[in-house]
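Examination of the molecular architecture
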Amino acid sequence: MGDNENLSEISAADYEKAKKLFSSAVELPPPARAAFLDENCADERIRREVESLVAAHDEAANFLNDVSAVGVVRDSYLKSGRLIGQKIDKYRIEKELGRGGMGVVFLAGREDFRQQVALKIIKRGMDSDAILERFNREREILATLNHPYIARLLDGGTTAEGLPFFVMEYVDGRPVDEYCRAGNLSETARLELFRKICEAVRFAHQKLIVHRDLKPSNILVTPDGTPKLLDFGIARLLDAPDGRATLTGQRVLTPAYASPEQLRGELVGTPSDVYSLGLILREMIGISDFGFRISDSSEAGDGVPTARPRTRTRRSNGDLPKIVAMALREDAARRYGSSEALSEDVRRYLEGRPVAARPDSAFYRASKFVGRNRAAVAVSALLVLSLIGGLAATFWQWRVARRERAVAEERLDALRKSSSSMINEINGALIDLPSTLPARKLLLERAMEQLDALAAGSDDNPEIETALGDAYQNLNYLPDKTLDERVALLGRSLGFYEKAVVADAGNIKARKGLAIDDVNLADIARERGDLAGAAEYNRRAVALLEAVSRDDPSGVETLTDLWNVYYNAALTYNLQGRAADSLEICRRMTPLADRLQTEAPVDLSGNEARRPYLSRALAGGDLAYLGRYDEALTELNRVLEAVREQRAARPDSLYARLDEAVFKQRLADVLEKNGAAAEAVKTMREALALTDRLAAENSKDDSYRGTAARSRTLFARMLVRAGKYGEAIALFRESITAEAEILSRDAGRKQSKFDLAAARGGLGRALAETGRLDAGLAEERRAVEIFDQLGVRDSGDSVLRRDFAETAVETAENLRRKNEPAAAATLFRQAFDVLRPMREQGTLSAADGPLFDRAAAGLNN
Amino acid sequence: MENPGEITKILQAGDRAALERIFPVVYDELREIAGALFRNEFRADHTLQPTALVHEAFLRLAGGKEISWQSRAHFFGIAARSMRQILVSHAVAHNAAKRGGGETVIALDDAVSFFQTRDIEILALHEALERLAALDGRQAGIVELKFFGGLTNEETAEVLGVSVSTVKREWEMARSWLYRELKK
């Protein structure tokens, strides 16, 4: 201490100054450092500090770098020599047999039975309850894994420390790779051993149990040459309930033997085990990564010559690598379809017959690089398989264990929960990924065949029928389904639900399923532009769910569904311009939202927090459409009050901030129509400030930029109506630049195209009004062109139709000024044709009466 | 096994003995949150999703009840801090040759010994870190998150709201400073 200590103690401010110098100095080669400091550091104290720290840095090497305290604690946590002699549950620990990614395995004894068992303590401490719960749920199925080549799972529980453990049949054997190396086995003997392993895997797959962690150390061979597969079913118990391996779960698997889809963290099914079998085969027969036989001596063990079996001469040398390669294909759908198929091909090879394995075609090798989309293909295809696998398991369980009805029901319920959560999660991830690859089609077809087979044997059991209804409904959610395919799937789903409902009118689940099918059909109709069809499906869904909610008044979930269906119905009416119908639905939504709020207060972090005010906002829009401006203002002001409360409660909520902006725009629109022009402009300006701030904070997200650009266009159009052309022109130009940029990154963004058309139309109008008729007309023509490209005139969307008509009428009026009567007449005609049916059906907004009159007048002149 | 609601109480009260028992649970939970946060695959709404994930993890730890932690930074901070407290209190017991206890306690003892073999005295490191905190709070925070909390550079950067390169730079200096202090 003493002097030295004082010297090295510098102030926080000096330390801060030393930082920059230190960072630069350590980067320099030692001889250059003094010169660097001469030049850059005048302060002697700081310099001494920097020099001393740089010296410490050189000496520190990996100090604190290569270990973390948590890591060390965790590692020693499982160093468990101390467990020897202890009792875990009813098992006394005798010795450690080994340890791996999953945990530690002990030899243990059960005193009451004098039986030796292998006891495996699972490493992670989390989620123990969930693991055990799954274990208890699955133990019946695991108990059916009764096969001479599979080590039986006997028991499970938790240690005093809260770690889950499993008890398995103890196998006195050696790992298969070691056994092959040491045993001087002939190729034939190895391949026959491999076929036994395949047989065990086939047996488990038939019970719909996937191993997921097959590797040589999990396959022991007893001295008499019998293979025993360990850990079957355990990987699945460690997974998250949605079937996706958790992060911790991923740490469990052994990367060297994991399939590509496993490494990507996707759902895995039987193809994943086939892949692992391919790796094991490769190892057992000694083929290098590149497909060459390493050497023939590997077959003979340690150079000891063995007599070659006679059949060998007829075997083709290149066939085994082909078999391995086919099992190891990256695309799960292009591997052997089952472990049995792999085993059969090995048999054909053993018999000297031609094998089924073929080298991958150039096309498929090339498609390895398709990348992102292809990964999605594999996931969604596997998702289907696993859904169907789950359903098949249910079905199988139901058939074989009819007596154990309670168990089956529980499982059915679990299945339903997990499939819907899977769908939601995976769907979210895949929604944007297009794909038309044959592999996916093939898998889907196969999946459909399986479902159909199940359906044929459903024995009119309402539970199975409901589950089938769910399964077909879930298939419809898969991305990249064509609309026709979705309609077909939903038709089947409807059929099953209907059968279930006919059998039991009180089957709430099936009745809800019917309603959700209708909602999906409405979506499809809307996507096809068939708004009338969509409205009809929505109406049916509403009626069904209203009835269910009467029969099942306690069902908060049903009420939530009902609210969502109302919302869809109201939105569809909105698009149709059927404001009165929409308003009627909104009047039912508001009390429902209030009721939900008291009965099931929502988690404020999600979209649901908007529920209490969304219906009022829609109603406000409807009232304005109907020309009932005062009532509209009342509703919208209440909405904004609610949004402001939300914002106060959760200042960082993006939903609340976006809503505030959007509803301010709506309010401004109504204010303007109601004659309060100044207040309207002020409100619109506030909305623009809000969206600009959101866009600035989320600068990488084009959807926020798009929202800001749209705000700008809306505001500018209002300014045009107020005669403030100068400011409007500047704003339109900014919008156009922003939209063009967004479209340059994503040319398919429809909203941006509409907004671009609106901005160009508005700019044209403003230019024409300020004496620049030619420039204005050019912009307007481009706007009309965009609307035409988007097929707006033929769409059922009344909002877009009136936007087109407005632009067309304005353009036509300018064309007439420019003395181009023929072009003007065409546009007047188009506008008139768009507006007339709306007027006749009463779906034209109150404010658009004058627009219709202008179109009609233009046509008559 | 503690129930999750209890975990929150324990974490908030800072009860060390209890913290030791639940540590493995908290730690794994943290790793999983960190993983979920920094993997991007499942981010449909990439602005809201991470917050929602953390929120969910909080709820899971808290047994479904709303808890007072405001941010994930605070959450990681608590975890790293508790790791530090646990180890320090153990180092004290260790040096006083008080031994015994369950598997966790043994594991902590082993960890303290392990660091001794690597010339890292947990107590000395802890005290040096207190001094560093007075000089430069951020550097001390980085050491706590990285060394005690086991966070990667990327995770640390995320928690502290600084760039990864800043974390790396500050970490190198902090490490050098601590090395020098411990060698004195």
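Counting of residues starts from 1 at the beginning of each chain's written sequence and follows it residue by residue. Chain letters start at A and ligand numbers start at 1, both assigned in the order the entries are written. In keeping with the model being predicted, local features are shown solely for residues with a pLDDT of at least 70 and side-chain atom pairs are shown and tallied solely at 80 or more, while totals for entire chains, interfaces and linings include all residues. Derived side-chain values reflect all non-hydrogen atoms in the structure, with water molecules and hydrogen atoms excluded from consideration.

Details of the overall build of chain A
If you tally the helices and strands in chain A, you get 36 helices and 9 strands. Here chain A holds 861 residues, and 54% of them are scored as buried. By definition, residues are in contact when any of their heavy atoms lie within 4.5 Å. Residue pairs at least 24 apart in sequence account for 65% of intrachain contacts in chain A once pairs closer than 6 positions are excluded. Here, Shrake-Rupley sampling with a 1.4 Å probe gives the accessible areas, and only protein chains in the shown set may cover a residue. Split by element, the accessible area of chain A, about 37,600 Å² in all, is 51% carbon and sulfur. Numbering of helices and strands runs from the N terminus; a helix is a DSSP stretch of H or I covering at least four residues, while a strand is a stretch of E covering at least two. The rule is simple: take the accessible area with a 1.4 Å probe, protein chains only, and divide by the maximum for that residue type; under 20% is buried, over 50% is exposed, in between is partly exposed.

A closer look at the overall build of chain B
Looking only at helices and strands, chain B has 9 helices and 0 strands in total. Walking chain B from its N terminus toward its C terminus, one meets helices and strands in the order α-α-α-α-α-α-α-α-α. Among the 184 residues that make up chain B, the fraction classed as buried is 53%. Expressed as a percentage of contacts within chain B between residues at least 6 apart in sequence, the contacts between residues at least 24 apart total 60%. By element, 52% of the accessible surface of chain B is carried by carbon and sulfur atoms, the whole surface being about 7,800 Å².

Brief notes about helix H30 (residues 702-721) of chain A
All names here are of chain A. How far a helix is expected to stretch is found by multiplying one less than its residue total by 1.5 Å. For H30, which comprises 20 residues, the first-to-last C-alpha distance of 29 Å matches the rise-based estimate of 28 Å (1.5 Å per residue) to within 8%. In terms of burial, H30 is a largely internal element, 15 of the 20 residues being buried. Phi for Gly723, located one or two positions after H30, is positive at around 80 degrees.

Here's the deal with the sheet that holds strand E8 (residues 219-221) of chain A
Residues and elements named next belong to chain A. Spatial strand order, E7-E8-E9: 3 strands in an open sheet with antiparallel pairing. Only two strands of the sheet have a single neighbouring strand rather than two, namely strand E7 (174-175) and strand E9 (227-229). Paired strands are those between which DSSP finds at least two bridges. Of the pairings in the sheet, the one linking E7 to E8 comprises 2 bridges and is antiparallel in character. Considered in E8, the bridge of Arg174 is made with Val221.

Some remarks on the pattern of salt bridges
Residues and elements named next belong to chain A. The salt bridge definition used is simple: a Lys or Arg side-chain nitrogen within 4 Å of an Asp or Glu carboxyl oxygen. Per the stated rule, a full pass over the model turns up 58 salt bridges over all chains. Linking Arg588 and Glu584 is a salt bridge whose minimum nitrogen-to-oxygen distance equals 2.9 Å. On the criterion of helical spacing, the pair formed by Arg588 and Glu584 is a turn pair, its members being 4 residues apart in helix H25 (residues 579-599). According to the relative accessible area criterion, Glu584 is partly exposed, its value standing at 42%.

Regarding the confidence of the model for chain A
Residue and element names in this part refer to chain A. pLDDT: the predictor's confidence for each residue, scored from 0 to 100. The share of residues in chain A with pLDDT of 70 or more is 73%, and the mean pLDDT across the chain is 76. When mean pLDDT is taken per element in chain A, helix H33 (residues 773-789) scores highest with 94 and helix H16 (residues 362-367) scores lowest with 30. Low pLDDT, under 50, characterises residues 1-7; the predicted model gives this stretch 4 contacts beyond four residues in sequence or across chains. This stretch, residues 240-253, has a pLDDT under 50; its non-local contacts, to residues over four places away or in other chains, come to 41 contacts.

Some details on the environment of Leu583 of chain A
Residues and elements named next belong to chain A. As for its placement among the helices and strands, Leu583 is situated in helix H25. For the pair Leu583 and Leu618, spaced 35 residues apart in sequence, the C-alpha separation works out to 7.6 Å. Residues in contact with Leu583, not counting those within four places in the same chain, are Ala619, Asp622, Leu623, Leu626 and Arg628.

Concerning the packing of aromatic side chains
All names here are of chain A. Pairing of aromatic side chains requires ring centres within 6.5 Å, counting the rings of Phe and Tyr and the six-membered ring of Trp. Pairs whose planes differ by under 30 degrees are stacked, by over 60 edge-to-face, and all others tilted. Summed over all chains, the structure comprises 7 aromatic pairs over all chains. Here the aromatic rings of Phe787 and Phe804 are separated by 5.9 Å at their centres, their planes lie at 80 degrees, and the arrangement is edge-to-face. With Phe787 in helix H33 and Phe804 in helix H34 (residues 798-817), the pair connects residues that are 17 residues apart, well separated along the chain. Of the two residues, Phe787 and Phe804, neither departs from the other in class, the shared state being buried.

Considerations on the pairing of strand E4 (residues 115-122) of chain A
Residues and elements named next belong to chain A. For E4, the tally of buried residues reaches 6 of 8 residues, placing the bulk of the element in the interior. Pairing analysis gives 5 bridges linking E4 to strand E6 (residues 164-169), with the strands arranged antiparallel. Looking at E6, one finds that Ile121 is bridged to Phe165.

Describing the packing of helix H35 (residues 821-841) of chain A against helix H36 (residues 849-860) of chain A
Residues and elements named next belong to chain A. For helices, the fitted axis covers only the stretch in contact; all axes are lines through C-alpha atoms, and the angles between them, taken along N-to-C directions, range from 0 to 180 degrees. Where H35 contacts H36, the axes come no closer than 8 Å and their chain directions differ by 135 degrees. With respect to each other, H35 and H36 are oriented oblique. Like other packed secondary-structure pairs, H35 and H36 cross with a definite hand, here left-handed. For the pair H35 and H36, the contacting residues are Ala825, Phe828, Arg829, Ala831, Phe832, Leu835, Arg836 and Arg839 in the first and Gly849, Leu851, Phe852, Asp853, Arg854, Ala855, Ala856, Gly858 and Leu859 in the second. Amino acids are sorted into nonpolar (Ala, Val, Leu, Ile, Met, Phe, Trp, Tyr, Cys and Pro), charged (Asp, Glu, Lys and Arg) and polar (every other residue, Gly among them). Grouping the constituent residues of the contact of H35 with H36 by class yields 10 nonpolar, 2 polar and 5 charged. The scheme is simple: roughly parallel for angles under 35 degrees, roughly antiparallel for over 145, roughly perpendicular for 65 to 115, oblique for anything else. In this scheme, a crossing is called left-handed if the near helix is turned counterclockwise away from the far one by less than a right angle; it is called right-handed if the turn is clockwise.

What to know about the confidence of the model for chain B
Residue and element names in this part refer to chain B. For chain B, the average pLDDT comes to 64, and 44% of its residues sit at 70 or higher. The secondary-structure element of chain B with the lowest mean pLDDT is helix H3 (residues 49-61), recorded at 40, while helix H9 (residues 164-183) shows the highest, at 93. Confidence drops under a pLDDT of 50 for residues 33-72, and excluding neighbours within four residues, the segment shows 72 contacts in the predicted structure. Scored below 50 in pLDDT, residues 97-104 shows 14 contacts in the model against residues more than four places distant or in partner chains.

Points about the side chain of Asp345 of chain A
Inspection of the secondary structure assignment puts Asp345 of chain A in helix H15 (residues 339-350). Sequence-distant contacts of Asp345 of chain A, defined by excluding residues within four places in its chain, comprise Ile323, Tyr336, Val355, Ala356 and Ala357 of chain A.

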